[in-house]
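Summary of structural features
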Amino acid sequence: MKKFYSKVEPKKLLHIVTSIYEIDSGRLDVVPENEYIQLAILNMNKGKTFIPHKHIIKEKITDIAQESWVVFEGKVKCTFYDLDDSILVQPILEKGDISITLRGGHNYLILSDNTKVLEYKTGPYLGQEFDKKFINN
């Protein structure tokens, strides 16, 4: 697992890259529990079950926008930006890799045909003008 911290505010975790293959068995919590988006990788054997449950609704948080990509097939070049919009790092994601943006900006360049990705992000989606602030680089 790689964690990328801001150069502007060195204690601020901005981006995480990991892989589903980083766990042999059990549970790996990828994102710190104080973050809005939560991600764990689970590797379980046949017969594993959980106590039936539903989740408690928490007070809505409106000042957070976080996003995660899971690559199922193909190859993706990420560009992760710092808090001041400067380029922080440019990792390559391949099958089984996961990116999480907690803060800062990002861009993705698809490097191979038929790349399949799941994207998760905070909502609701109110349209591009309310969802994105573009970075000029």
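Report follows, based on the coordinates. The written sequence of each chain sets the order in which its residues are numbered from 1. Per-residue local features of the predicted model are confined to residues with pLDDT of at least 70, and side-chain atom pairs are confined, for both listing and counting, to 80 or more; whole-chain, interface and lining totals are unaffected and use all residues. As a rule here, side-chain values come from all non-hydrogen atoms in the structure, and water together with hydrogens is ignored.

1. What about the overall build of the protein chain?
Applicable threshold: Comment: elements are numbered from the N terminus, with helices defined as DSSP H or I runs of at least four residues and strands as E runs of at least two. With a 1.4 Å probe rolled over the protein chains alone, any residue whose accessible area is under 20% of its type maximum counts as buried; one over 50% counts as exposed, and the rest are partly exposed. It only takes one pair of heavy atoms within 4.5 Å for two residues to be counted as in contact. Exposure was quantified through the Shrake-Rupley algorithm and a 1.4 Å probe, taking into account, for residues, occlusion by the shown protein chains and nothing else. Note on charges: Lys and Arg go in the positive column, Asp and Glu in the negative column, and His and the chain ends are not counted at all. Here the site of a charge means NZ on Lys, CZ on Arg, CG on Asp, or CD on Glu.
A tally of helices and strands in the protein chain yields one helix and eleven strands. Its helices and strands in sequence order give the protein chain the pattern β-β-β-β-β-β-β-β-β-β-β-α, from N to C terminus. Here the C-alpha coordinates of the protein chain stretch approximately 50 × 40 × 30 Å along the principal axes. The 137 residues of the protein chain split such that 30% are buried. Considering only residue pairs separated by 6 or more positions, the protein chain has 61% of its internal contacts joining residues 24 or more positions apart. Total accessible area on the protein chain is roughly 10,100 Å²; 52% of this is exposed by carbon and sulfur atoms. For the protein chain, the distance from the average site of its 19 positive side-chain charges to the average site of its 19 negative ones is 4 Å.

2. Points about the side chain of Asp82
Formally: Here, a salt bridge means any Lys or Arg side-chain nitrogen found within 4 Å of an Asp or Glu carboxyl oxygen. Any N or O atom pair separated by 3.5 Å or less is treated as a polar contact, with the protein-specific requirement of one donor-capable and one acceptor-capable atom, and with residues adjacent in sequence counted only for side-chain atom pairs.
With respect to the helices and strands, Asp82 occurs in the loop between strand E6 (75-81) and strand E7 (87-89). Among buried Asp, Glu, Lys and Arg side chains, Asp82 stands out as unpaired, with Lys7 the closest opposite charge at 6.5 Å. Within the structure, Asp82 has its side chain in polar contact with the backbone nitrogen of Lys7 (distance 2.7 Å). Discounting chain neighbours no more than four positions away, the residues touching Asp82 are Ser6, Lys7, Val8, Leu14, Leu88, Gly104 and Gly105.

3. Regarding the pattern of salt bridges
Here the structure, examined in full by the defined rule, presents five salt bridges. One salt bridge connects Glu9 with Lys12, and the closest N-O pair in it is separated by 3.5 Å. The salt bridge partner of Glu119 is Lys121, with a shortest N-O separation of 3.9 Å.

4. Here's the deal with the pairing of strand E9 (residues 97-101)
Most of E9 is tucked away: five of the five residues are buried. Alternating positions in E9 separate into two faces, Asp97, Ser99 and Thr101 on one and Ile98 and Ile100 on the other, with burial throughout.

5. Let's talk about the packing of aromatic side chains
Using the following cut-off: Two rings from Phe, Tyr or Trp (for Trp, the six-membered ring) form a pair when their centres sit within 6.5 Å of each other. Planes less than 30 degrees apart are called stacked, planes more than 60 degrees apart edge-to-face, and all others tilted. In our convention, an over-ring charge means Lys NZ or Arg CZ found within 6 Å of a ring centre and within 35 degrees of that ring's normal.
Summed over the entire model, instances satisfying the criterion amount to two aromatic pairs. With a centroid separation of 6.1 Å and an interplanar angle of 50°, the aromatic rings of Phe4 and Phe80 are classed as tilted. With Phe4 in strand E1 (residues 2-5) and Phe80 in strand E6, the pair connects residues that are 76 residues apart, well separated along the chain. The exposure class of Phe4 is buried, given its relative accessible area of 15%. Ring geometry for Trp69 against Tyr108: centres 3.8 Å apart, planes inclined by 15°, an arrangement best described as stacked. Residue Trp69 is located in strand E5 (residues 67-73), and its partner Tyr108 is located in strand E10 (residues 106-110); the two are separated by 39 residues in the primary sequence. Residue class for Tyr108 comes out buried when judged on its relative accessible area of 15%. Here the basic side chain of Lys48 rests over the ring of Phe50, its NZ or CZ set 5.0 Å away from the ring centre.

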